[in-house]
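Take a look at the letters that make up each chain.
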Amino acid sequence: MTIMKYILLSLFTLLLTHTFAQQIQIQEDISHAPIPFVKVYPKTGKPFLSDLDGRFENPPGNTHVTLKMTSFRDTTIEITGDMIVFMKEQASEIDEVVILPGVNPAERIMELAIENRKKNHPKSDVAFKYDSYSKFIFTINQDALAQISDTTADTNLIDLRKFFDQQHIFLLESTSTKYFKPPFKEKEVISAYRVSGFSDPMFSTFANELQSFNFYDNQFDILGRSYLNPLALGSIRRYLFILEDTTITAPGDTTYTIRFQPRRDKNFEGMKGTLYINTRGYAVEKVNAEPAESKGGVHPHIIQEYTLVDGKKWFPYKLSTELVAPGLLLSSKIKDAYLVGKGNTYIDHVVLDADLKDERFNAVFVETARDANAKDSTHWEAKRKYDLDNKDLRTYEFVDSLSEKENLDGKLKTLQSLLQGKIPLGYLQADILRLVNFRDYEGFRLGIGLETSDKLSTRFRVGGYFAYGFKDKMWKYGGYGRVTLIPKYFLDFEARYQEDIVERGGTGLTSEPVITQLNSFYRNIYIRQMDKQRIGEIAFSGYIFPRMKFRLSGSYQRIGFTEGYRYQWSKPEMGSIDQYDIAESSLELTWAIRDKVMSLGTKRVSLGSKWPILTLKATKSLPGVTAAKIDYTRVTGAVQQIVPIRAVGKLTYVLMGTVVDGDAPLLLQQVGQGTGGMWKLSAANSFETMIASTYYSSRMTALFTRFDFKAVKTNKRWTKPQFAIHHAVGYGSKEDASRHSITFNSLDKGYAETGLLANSLLVFNGIGFGIGGFYHYAGGVISPKVEDNITAKFSLNISLF
């Protein structure tokens, strides 16, 4: 009985403490928007800061507080219970900062913070797990609504205010659990998401894409764009730091308020804002930041708040993001009626030194549970930080009903299809990429391709195409099918049959990384030697490991020589024929080292990797299968990587090589990746001065490098100059020209070139036009006249965002 009394008394005491704790929120007097990080001076006790939402708890026994904040009048109030306190804004001018000789105290504090950043980094040396809840809304700028007079007779303004008084435009929520094990193993499982009007799992990762999880990496990401962190090594040379305030928050603890912004003479992607550095470990306690320069139509602003967990490590507990879109006006009748997005991610149940098994981690960095959009109210009530208010509930009700009426989910899927190059036609979809193409060999190619859509099935796809080349005057056609056998491993069975043309000496790789995809499109324009190909193929593809994809295939082909080309076979009985049969089997492996992958329901999305991507394809002919006689082995490999170099630019390299053993007509050899010639369009990862389809070798290796410097800041939309240095070198075997009926060059003397590009000198609607000059200085066929070895080109850079 005594124990029961003790428990009841303890619970009663806790309840009283929670019930009667005085909660105060600080708001602007006009817009009623919360004011974050206000300095609170209690009548008794040490000063402290309000949280992001302008809230604080009054210390026990305290009766008065004084509130101080830059740009607001000092406000002293008497605490009478739970309150909302309004602070009045006052006009203030910030004097120009003048640095006088001597030591800048802010820089000394920042040096200590930078010195301790690895120790304070949440992902340093401690395994952890935590739960999180995220909520984000889109609504109208509240300052605009405050301009609407209560006596207005304008029905449009009355309806506008009524609408936004009752609801938001859009609302998203998600819950997740994150796991981390040093040095780099991490995984986040999104257990639930709810989006007003939509069900697509792509929305489940919205909170992850707003800002970086912590403020300690050299680069800090906001909306997918990277900025140099003021805590990065060497940042004191690039940022100006000003000590604005010092607050004693606890015995032995002091919080320094430091304003930061890029120095005037520095050219880099930086931020501006305020850092709150706590002397306990010189760790970040809070940070309030935004890009130093606004780019694009959305202006982001982020806040991160940290707490000391178990007395061991400062850990984020609240991440906040605000997105302002001045160009998206919701009304032209009042000033600043633009779209605003606001959201918070709350982190709790943090467990440091968590016991995490390696089996929990794989390449899947973010995984959305397949039932994540079907969680009931019990789950949400347990996970939400605060209950939904009437505005939130009305938003779900209104937008969900509107979505059902207007089929917004269906329209979103249509947009996704278009972005993937497909035109949805109910149970079918047309392939946009097959409509118009161009290659030097076939000229303009018009065609049409149709295939089944996800509306019919997400497990299988059947399609076909027709095309006609106006230069080679040939019809091409084909059909294909694919069925997913094991969705978890994306294991597919594929089959195809087609009569088309194929490049002589192409790599034959089917899994092409993003690094080279766009440049391959540019290079295809130059292709001028191709052969006819009739092929039937079956293949299995999937992931044997989370980051390693395989493709095992078998095919039978009939190749027809074109443009009078003939090859002298090693077997005399084959003679010099104009077509031949090939039976072959291939194994292709692609390994994206440390690739981060999102698994969104049934979709697999690669987030890319800073590490190399390795590709290897081995092909062996099968002589004796029906009419196939030739015997050869072909191995092709490639290594490619993008290496970012902080505050300078990025280095891209592609190393590739091919070895062919046995009979090797030009189709089976490796062509030099030349893009010289009449089109004068620069294509990275190619020989810019080499005339296309003129160099072949049965053994060849090539290295393409390009260093892209960061764009020069001009503060003008029509020009964003960005310079790049190009270099390419290759070497190959000397071929027996007597076995081929046409003249070509080999790379036995090597080939080397260099060049300089000035990209995006003119920018129009996201398309940058520039120029480049390239010099062939060694190997190959070099002219004695220097000017004949120089090639001038224009560059084309496309930026969708």
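This structure is a prediction, so every number in the text was calculated from the model and none was measured.

The rules we used
- Residues numbered from 1 in each chain as written.
- Predicted model: local features only at pLDDT ≥ 70, side-chain atom pairs only at ≥ 80, totals over all residues.
- Heavy atoms only, no water.
- Helix = DSSP H or I, 4+ residues; strand = E, 2+ residues; numbered from the N terminus.
- Buried < 20%, exposed > 50% of the residue type's maximum accessible area, 1.4 Å probe, protein only.
- Contact = heavy atoms within 4.5 Å.
- Pairing = 2+ DSSP bridges.
- Axes fitted to C-alpha atoms, helices over the stretch in contact; angles between N-to-C directions.
- 1 Å grid on protein atoms, 1.4 Å probe; cavity = no way out; pocket = protein on both sides within 12 Å on 5 of 7 lines; lining within 4 Å.
- Points joined across faces, edges and corners; volume = space filled by probe spheres on them.
- Nonpolar A, V, L, I, M, F, W, Y, C, P; charged D, E, K, R; others polar.
- Polar contact = N/O pair within 3.5 Å; in protein donor to acceptor, adjacent residues only side chain to side chain.

Caption draft 1: Quick peek at the overall build of the protein. When its secondary structure is counted, the protein shows 10 helices and 44 strands. With the principal axes as the frame, the protein shows a C-alpha extent of 105 × 65 × 65 Å. Expressed as a percentage of the 801 residues in the protein, the buried residues total 47%. In the protein, the share of contacts with a sequence separation of at least 24, taken over all contacts with a separation of at least 6, comes to 62%.

Caption draft 2: Quick look at the sheet that holds strand β1 (residues 23-28). Reading across the sheet, the 3 strands line up as β4-β1-β7 and stay open at both edges, with mixed pairing between neighbours. Every interior strand has two partners, whereas the edge strands, β4 (55-57) and β7 (83-87), have only one. With strand direction ignored, the average angle separating the axes of adjacent strands in the sheet is 30 degrees. As paired elements, β1 and β7 share 5 bridges and run parallel to each other. In the strand pairing of β7, Gln25 is matched with Ile84.

Caption draft 3: Geometry of the sheet that holds strand β6 (residues 75-78). Taken in spatial order, the 4 strands make up an open sheet running β3-β2-β5-β6, and their pairing is antiparallel. In the strand order of this sheet, the two ends are held by β3 (48-49) and β6, each with one partner. As paired elements, strand β2 (residues 39-42) and strand β5 (residues 64-68) share 4 bridges and run antiparallel to each other. Directly across from Lys39, in β5, lies its bridge partner Lys68.

Caption draft 4: Up close: the environment of Glu111. If you trace the backbone, Glu111 turns up in helix α2 (residues 105-115). Counting along the chain gives 171 residues from Glu111 to Tyr282, while the straight-line C-alpha distance between them is 9.5 Å.

Caption draft 5: Quick peek at the environment of Leu747. As for its placement among the helices and strands, Leu747 is situated in the loop between β41 (722-732) and β42 (751-764). Leu747 sits 33 residues away from Gly780 along the chain, and the two C-alpha atoms are 6.5 Å apart. Ignoring anything within four residues of it in the chain, the contact list for Leu747 reads Met690, Tyr695, Ser697, Met700, Tyr731, Gly732 and Ser733.

Caption draft 6: Region of interest: empty space enclosed by the protein. Applying the stated rule across the entire model yields 3 cavities of 30 Å³ or more. Its volume calculated, the largest cavity comes out at about 50 Å³. Around the largest cavity, the lining residues are Met656, Gly657, Gln670, Val671, Gln673, Phe687, Met700, Thr701, Ala702 and Phe704. Looking at the lining of the largest cavity element by element, the count peaks at 4 residues for strand β40 (residues 699-709). Lining the second largest cavity are Gln219, Ser226, Tyr227, Leu228, Phe268, Glu269, Ala647 and Lys710. Top contributing element to the lining of the second largest cavity by residue count: strand β12 (residues 225-228), with 3 residues. Within the lining of the second largest cavity, the residues separate by chemical class into 4 nonpolar, 2 polar and 2 charged.

Caption draft 7: Region of the structure containing the side chain of Thr255. Examined against the element boundaries, Thr255 turns out to sit in strand β14 (residues 253-262). Within the structure, the side chain of Thr255 is placed 2.7 Å from the side chain of Glu285, a separation counted as a polar contact. Every residue in contact with Thr255, bar those within four places of it in the chain, is listed here: Asp245, Thr246, Thr247, Thr249, Tyr276, Ile277, Asn278 and Glu285.

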